Amino acid sequence: MTAPESNQSVESLKDDIQRHVALTLGSDPFPPRKGRYYLGLCYSVRDRLLGQWLETQRSYYDSITKRVYYMSLEFLPGRFLMNYIQALGMEEECREAVRDFGLDLDELLEEEWNPGLGNGGLGRLASCYMDSMATCRIPGYGYGILYDYGIFYQTIVNGYQHEGADNWLRQDSPWVLRRGHFMFLINFYGRSEAYEDSAGHERFRWVDTESVMAMACDIMVPGHQNGHVTNMRLWKAISTRDFELEHFNRGDYIGAVQSKVESENISKVLYPNDTSPRGKELRLRQQYFFVAATFQDILRRFRKNNYSSFDCFPDQVAVQLNDTHPAISIAELMRILVDEESLTWETAWTICQKTFSYTNHTVLPEALETWSVELIGRMLPRHLQIIFEINRRFLDDVGKRFPGRVDLLRSLSLIAEDNGKQVRMAHLAIIGSHTVNGVAELHSKILKTRLFKDFDNLYPGKFTNVTNGITPRRWLMQANPALSELIGSVIGDEWIHDLSHLSELAAYADDPEFQQRWQEVRKRNKKLLARYVLRKLGVGINPATLFDMHIKRIHEYKRQILNVLHVITLYNRIRSGSVAHHVPRTLFFAGKAAPGYMQAKLIIKLINAVGQAVNGDPAVGNDLRVVFLPNYCVSQAEKLIPAADLSEQISTAGMEASGTGNMKFALNGALTIGTLDGANIEIREVVGEDNFFLFGHTEEDVHRLHSGGYDPVQIYESNIELKKALDMISTGFFSPEAPGLFRPIVDSLLAHGDYYLVLADYAKYVAEQARVSKCYEDPALWTRMSILNTANMGKFSSDRSIMEYARNIWKVSPLT
Ligand code: Z15
């Protein structure tokens, strides 16, 4: 780019910003104020993307291509502004423009609120996949709900988690384009009515329903500097006019407004449970609301192309179900095809199976969704009939293939009977889809050999694996500009859209000069983080210490407790002087606990209590610090991960389906201490055994220990350091004002069988942590390991994952 051109574009950007401040926001542009100019910049950047977005959407129609519908009840896109700026390739321009107003771009970026429309890994994965679909030019759409309230805002008060409301749309977001004229009618409740059609066949229709409107709200997702902009369509509930009129006619004004408000509650709030559904009526309503709206949109688009028959539907439409949350889609498409389009059951079912594919994200039994037959029957009476009919035909078929196997019928049925009648959504998703995938090799293997073994026998080839990935745009280029620049200076920028190029870094792993630059970048990132922690918590941390991070949802299977036991062990060693010298560490914890998950909330309190004891003990000094950062979210992850030395991925083997934080850390040059679980296994495979800190029982060990004979008490009795740590917790060392406070935690380990095998892995974990410290004392070795981690992470780009879905599951190719 020549200088005059760039000056011109900076000048026109400045004009746009001021014009928006004055004419869009109605504010005086003078003097330039941060909040107003931030929004002015947003609108200016948005203007530049809208044209590309319209063109991309038009190109789908022109090429009549098969489209992918990624249906997800959760998205965690993170902040948009920098993502848009970099996608447009206008970072320097923006920096200069705002600098000319006396403002700093990095400060403006901090004005943006995080859209918290998801809980954790599953929602963030959906957003990485949107980014990759756009960058790989896969014709696709994301579909979800525009919650008024995202995941709760977490504060820590006296060591306890407090939940605050996250009213992220309080000040309208410049990124959400509301399509006020674009609405669909959604029905609920009522009853299914049989009638005879003109040919004398029995048919069904859904009548006497209550209804609500779904309004389309769109968010742009740009590809990286390729002019392609994908659409994410989120539905917002709006009451119907009928609803109001009925009451108004009766003169019931207050009643009218009240029922209006109630019907709009559907899209009010995200359910804050990660991996443990709560079976609440409003949640099912959200699921069906979003499914019904999405299918009306899909059908509208399909009809626009004037197809002669629904037989070509699966050639035009691929629907990916992100977990079972949208699985009611299968009954909805059957209802549309059979009841509204008058297709035969057999034809409709074939279309369904060719259209859907389903991603499973967990094997935890408490996470597998079920809905009571009573609730579905009441809210979606016609869908329940359809589910029963799907089940009847399915079990018929199984019965013919495996005569006399009543056990098999019971295990495969869509209806579980042991706990009142419940519809198993995973079973519905499996039989209604052509492909089911797990999210890492081990996880997919467990699906086939344990959880859904009988289904795998029944449908050989239906189960497959697509290992998760993360977008290198957000998780390296944007989050870690210093490392990106260093990488670019030796291997160029190809890695941004083809991450396998990172392997060229391996040649520099032992180069002393490159090592030094690598260390300087990492040190710089650690200093930035230390400054952030000081600002946020008023706590000083030392960037020269080993930064050890455990950041993710708080859950027993993720074993934050194991980490805490290690911290207490280090603390005891320091206090007793039993280590000649200790490698100073700073421990970072961050993560939210589901508001109803008492044990997880107590774990947060324990982390904070241990932190208080350790940080306040003069005997410890700088050698050990514990910080719990409140309100973990995407933009906090972007600050933490580039500053990490050590990544804690210590779930009980077999329980973390994949993990994606593990990938973000390794990509940024942190070393992992981890179990053979989820994607850890594949990360270790590519970075090399020597560059990964492994410990713990394998998935098969876990299975065996769960089958009987595991005795945590015996381990407790025989390990002095472990016993000491547990005794301190249970006798109130960390809670002198309430000595029994943490009993439930120790009880879960000793009295209730230690289901997550914390004690079983403790000794190996502590030993491996000692090896971590030892390696850290050798900077050349550590730096080499760190470089080799980054260099070998190419596989974990979400571009690779998306291209696997496109080729093997969706059968779509990139637009040219
Ligand atoms: C969620 O975030 C995950 C699984 C679930 O079943 C639900 Cl409801 C939420 C996570 C997995 O725990 C994690 O291992 C995985 O990496 C992530 O989904 C994306 O696949």
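What you are looking at is a predicted structure, and each value in this text was computed from that prediction instead of being measured.

## Side note on the pattern of salt bridges
On inspection of all chains with the given rule, the structure shows 50 salt bridges. Put simply, Glu699 and Arg450 hold a salt bridge, and the shortest N to O gap is 2.8 Å. Here Arg450 lies in helix H17 (residues 441-451) and Glu699 lies in helix H27 (residues 699-706), a separation of 249 residues in the sequence. Residue class for Glu699 comes out buried when judged on its relative accessible area of 11%. The partly exposed category is assigned to Arg450, whose relative accessible area is 31%. Residues Asp701 and Arg704 are paired through a salt bridge, measuring 3.2 Å at the closest nitrogen-oxygen approach. Of the two residues, Asp701 and Arg704 are both situated in helix H27; the distance of three residues between them amounts to about one turn of the helix. Residues participating in the shared-partner salt-bridge network are Arg179, Asp218, Arg233, Asp297, Arg300 and Arg301.

## Let's talk about the site of the ligand
Among the 17 residues in the neighbourhood of the ligand, the closest are listed as Leu122, His361, Asn468, Glu656 and Gly659. Asp274 is positioned with one of its side-chain polar atoms (N or O) 3.0 Å from an oxygen atom of the ligand. Backbone polar atom of Ala657 to an oxygen atom of the ligand: 3.3 Å apart, as the coordinates give it. Look at the ligand: alone it shows 460 Å² of surface, and the protein chains cover 95% of it. Each residue belonging to the shell around the ligand can be placed in one class, and the counts come to five nonpolar, nine polar and three charged. Counting residues domain by domain, the shell around the ligand receives three or more from each of domain 2 (64-78 + 114-468 + 803-810) and domain 3 (544-793).

## What about the side chain of Asp166?
Residue placement: Asp166 occurs in the loop between strand E4 (160-164) and strand E5 (177-188). For the buried Asp166, which has no salt bridge, the nearest side chain bearing the opposite charge is Arg170, at an N-O separation of 7.0 Å. Within the local environment of Asp166, its side chain forms a polar contact with the side chain of Trp113, the two groups lying 2.5 Å apart. The residues contacting Asp166, other than those within four sequence positions of it, are Trp113, Gly116, Asp148, Tyr149, Gly150, Ile151 and Tyr153.

## Details of the UniProt feature "modified residue: N6-(pyridoxal phosphate)lysine" (unreviewed entry) in the protein
Taking the UniProt record as the reference, the feature "modified residue: N6-(pyridoxal phosphate)lysine" (unreviewed entry) is found at Lys664. Mapping Lys664 onto the fold places it in helix H25 (residues 661-667). Residue classification places Lys664 among the buried positions, given a relative accessible area of 7%.

## Considerations on the packing of aromatic side chains
Each aromatic ring pair is summarised here by two numbers: the centre-to-centre distance and the angle between the ring planes. Enumeration over the complete set of coordinates arrives at 34 aromatic pairs. Residues Tyr84 and Trp175 carry aromatic rings whose centres are separated by 4.9 Å and whose planes lie at 85° to one another, so their mutual orientation is edge-to-face. Here Tyr84 is found in helix H3 (residues 81-88), whereas its partner Trp175 is found in the loop between E4 and E5, with 91 residues between them in sequence. The exposure class assigned to Tyr84 is buried, which follows from its relative accessible area of 1%. Taken together through their ring pairs, the aromatic side chains of Tyr60, Tyr69, Tyr141, Tyr143, Phe182, Phe184 and Trp235 make up a single cluster. One residue, Arg233, lies across the ring of Phe182, its end atom 4.7 Å from the ring centre.

## With respect to unusual backbone geometry
Cis peptide bonds are those with omega within 30 degrees of zero, and the linkage from Phe30 to Pro31 qualifies with -10°. The residue Pro31 is located in the loop between helix H1 (3-24) and helix H2 (34-63) in this model. Located in the positive-phi region is Tyr189, a residue other than glycine, with phi close to 60°. Here Tyr189 is to be found in the loop between E5 and strand E6 (191-196). Judged by its relative accessible area of 14%, Tyr189 falls in the buried class.

## What about the layout of surface pockets?
Taken as a whole, the second largest pocket encloses approximately 540 Å³ of empty space. Lining the second largest pocket are 29 residues, and of these Leu368, Glu369, Thr370, Ala416 and Arg424 lie nearest its centre. Those elements that provide at least two residues to the lining of the second largest pocket are strand E12 (370-372), helix H15 (406-412), strand E14 (422-424), helix H16 (425-431), H17 and helix H18 (453-458). Residue classes in the lining of the second largest pocket are distributed as 11 nonpolar, eight polar and 10 charged.

## Side note on the nonpolar core
One broad rule of soluble globular proteins: the nonpolar side chains tend to lie buried together. The biggest cluster of nonpolar side chains holds 155 residues, and the ones touching the most others in it are Leu41, Ile138, Ile186, Phe188, Phe289 and Trp810. In terms of residues, this core owes the most to one element, helix H9 (residues 281-304), which gives 11 residues. Two domains share this core, each providing at least three of its residues, namely domain 1 (1-61 + 79-113) and domain 2 (64-78 + 114-468 + 803-810). Discounting residues that sit within four places of it in the chain, Phe188 has contacts with Trp206, Thr209, Glu210, Val212, Ile266, Arg285, Tyr288, Phe289, Met379 and Leu380.

## Considering the environment of Leu671
By the element assignment, Leu671 lies in strand E21 (residues 671-674). In this structure Leu671 comes out as buried when scored by relative accessible area, which is 0%. The sequence separation of Leu671 and Pro744 amounts to 73 residues, and the corresponding C-alpha distance is 33 Å. Here Leu671 is in contact with Asp645, Leu646, Ser647, Asn691, Phe693, Trp782, Met785, Ser786 and Asn789, once residues within four sequence places are set aside.

## Some thoughts on helix H12 (residues 345-355)
Here H12 has its buried residues at Trp345, Ala348, Trp349, Ile351, Cys352 and Thr355. In an axial view of H12, the angular spread of the buried residues amounts to 160°, which keeps them on one side of the axis.

## Quick word on the sheet that holds strand E11 (residues 356-359)
Taken together, nine strands build an open sheet; the order of strands is E5-E8-E9-E2-E1-E10-E11-E15-E16 and the sheet is mixed. Only two strands of the sheet have a single neighbouring strand rather than two, namely E5 and strand E16 (463-465). In this sheet, neighbouring strand axes are inclined to one another by 25° on average, regardless of whether the strands run parallel or antiparallel. The pairing of strand E1 (residues 67-71) with strand E2 (residues 140-145) spans four bridges and is parallel. By the bridge assignment for E2, Met71 is matched with Tyr143. Each of strand E10 (317-322) and E11 touches H12; the most contacted strand, E11, lies at about 45° to it. Lying over the sheet, H17 contacts strand E15 (435-438) and E16, oriented at roughly 170° with respect to E16.

## Overview of empty space enclosed by the protein
Within the structure shown, the criterion is met by six cavities of 30 Å³ or more. Its volume calculated, the largest cavity comes out at about 120 Å³. Lining the largest cavity are 13 residues, and of these Pro77, Asn83, Ser127, Val221 and Arg474 sit closest to its centre. It is helix H6 (residues 121-135) that contributes the most residues to the lining of the largest cavity, four residues altogether. The residue makeup of the lining of the largest cavity, split by class, is seven nonpolar, three polar and three charged. Here the lining of the largest cavity spans two domains, and each of domain 1 (1-61 + 79-113) and domain 2 (64-78 + 114-468 + 803-810) adds at least three residues to it. Together, Lys552, Gln649, Ile650, Ser651, Glu656, Ser658, Gly659, Asn662, Asp677 and Asn680 line the second largest cavity.

Rules of the game
- Residues numbered from 1 in each chain as written.
- Predicted model: local features only at pLDDT ≥ 70, side-chain atom pairs only at ≥ 80, totals over all residues.
- Heavy atoms only, no water.
- Salt bridge = Lys/Arg side-chain N within 4 Å of Asp/Glu carboxyl O.
- Helix = DSSP H or I, 4+ residues; strand = E, 2+ residues; numbered from the N terminus.
- Buried < 20%, exposed > 50% of the residue type's maximum accessible area, 1.4 Å probe, protein only.
- Near = heavy atom within 4 Å.
- Polar contact = N/O pair within 3.5 Å; in protein donor to acceptor, adjacent residues only side chain to side chain.
- Areas by Shrake-Rupley, 256 points an atom, 1.4 Å probe, with all protein chains shown as cover.
- Nonpolar A, V, L, I, M, F, W, Y, C, P; charged D, E, K, R; others polar.
- Domains from an automatic or database assignment.
- Lys, Arg positive; Asp, Glu negative; His and termini not counted.
- Contact = heavy atoms within 4.5 Å.
- UniProt positions renumbered as here; feature names shortened; annotations may be inferred.
- Phe/Tyr/Trp six-rings, centres within 6.5 Å; stacked < 30°, edge-to-face > 60°.
- Lys NZ or Arg CZ within 6 Å of the ring centre and 35° of its normal.
- 1 Å grid on protein atoms, 1.4 Å probe; cavity = no way out; pocket = protein on both sides within 12 Å on 5 of 7 lines; lining within 4 Å.
- Points joined across faces, edges and corners; volume = space filled by probe spheres on them.
- Core = buried A, V, L, I, M, F, W, Y, C linked by side-chain atoms within 4.5 Å.
- Arc of directions from axis to C-beta.
- Pairing = 2+ DSSP bridges.
- Axes fitted to C-alpha atoms, helices over the stretch in contact; angles between N-to-C directions.

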